[in-house]
Amino acid sequence: QNGKFLMVEEHAEGRLVLNQPAGHLDDGETLKDAVIRETLEETGWHFQPQAVTGIYHWRHPRNDETFLRVAFSGLCVRHQPELPLDQGIVQAIWLDRAELQSREDQLRSPLVLRCLDDYLAGAAYPLEILNEVA
């Protein structure tokens, strides 16, 4: 919004890092439902996903954990600052690309800037590519 991206400042791996709102799927939850819930829980913002920016596979070089990230773009439509944020989240913060680049040593992973750069390059896949098979 207004050239800035909704980020979270959080404690992870023994340090304070910047990341997009992120999380895991709850049992029986769709990806779309998960991104709405996780954004609210971590930032207090009600998020309406409009597109998938990309799907990213990354292996953490220090602990060999593998991550599969599905990044979304959309609108933050309402803020509820009174909501408690998830454990480990210090604050929700709006930053532009240059501000994030200047704090690159604080980024939780290389996925943070990669997702932003793909969005800025126009990546936007329809939500219909997400198929929930029962």
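Bear in mind that the values here come from a model prediction, so they are computed numbers and not experimental data.

### Considering the nonpolar core
Ranked by size, the top nonpolar core spans 10 residues in total: Phe 5, Met 7, Leu 18, Ile 93, Leu 95, Leu 100, Leu 107, Val 112, Leu 113 and Leu 116. Mapped by element, the contributors of at least two residues to this core are β1 (5-12), β5 (89-95) and α3 (111-120). It is α3 that provides the largest number of residues to this core, a total of 3 residues. If near-sequence neighbours (up to four positions away) are discounted, Leu 100 is found in contact with Met 7, Leu 18, Leu 95, Leu 107, Leu 113 and Leu 116. Counting 9 residues, the second-largest nonpolar core is a separate cluster that includes Trp 45, Phe 47, Phe 72 and Leu 130.

### Points about α3
The periodicity of an α-helix, 3.6 residues per turn, causes residues three or four places apart in sequence to face the same way. Within the span of α3, buried status applies to Leu 111, Val 112, Leu 113, Cys 115, Leu 116 and Asp 118. Buried residues along α3 sit in contact with β1, β2 (15-19), β3 (45-59), β4 (66-79) and α2 (97-102). Positive phi shows up at Gly 122, right after α3, with a value of about 100 degrees.

### Description of the packing of aromatic side chains
Enumeration over the complete set of coordinates arrives at 3 aromatic pairs. Ring plane angle 90 degrees and centroid distance 5.8 Å describe the contact between Phe 5 and Tyr 119, whose orientation is recorded as edge-to-face. You can see Phe 5 sitting in strand β1 and its partner Tyr 119 sitting in helix α3, a full 114 residues away along the chain. Ring geometry for Trp 45 against Trp 94: centres 5.6 Å apart, planes inclined by 90 degrees, an arrangement best described as edge-to-face. With a gap of 49 residues between them, Trp 45 in strand β3 and Trp 94 in strand β5 connect regions that are remote in the sequence. Residue class for Trp 94 comes out partly exposed when judged on its relative accessible area of 25%.

What counts, and at which threshold
- Residues numbered from 1 in each chain as written.
- Predicted model: local features only at pLDDT ≥ 70, side-chain atom pairs only at ≥ 80, totals over all residues.
- Heavy atoms only, no water.
- Core = buried A, V, L, I, M, F, W, Y, C linked by side-chain atoms within 4.5 Å.
- Buried < 20%, exposed > 50% of the residue type's maximum accessible area, 1.4 Å probe, protein only.
- Helix = DSSP H or I, 4+ residues; strand = E, 2+ residues; numbered from the N terminus.
- Contact = heavy atoms within 4.5 Å.
- Phe/Tyr/Trp six-rings, centres within 6.5 Å; stacked < 30°, edge-to-face > 60°.

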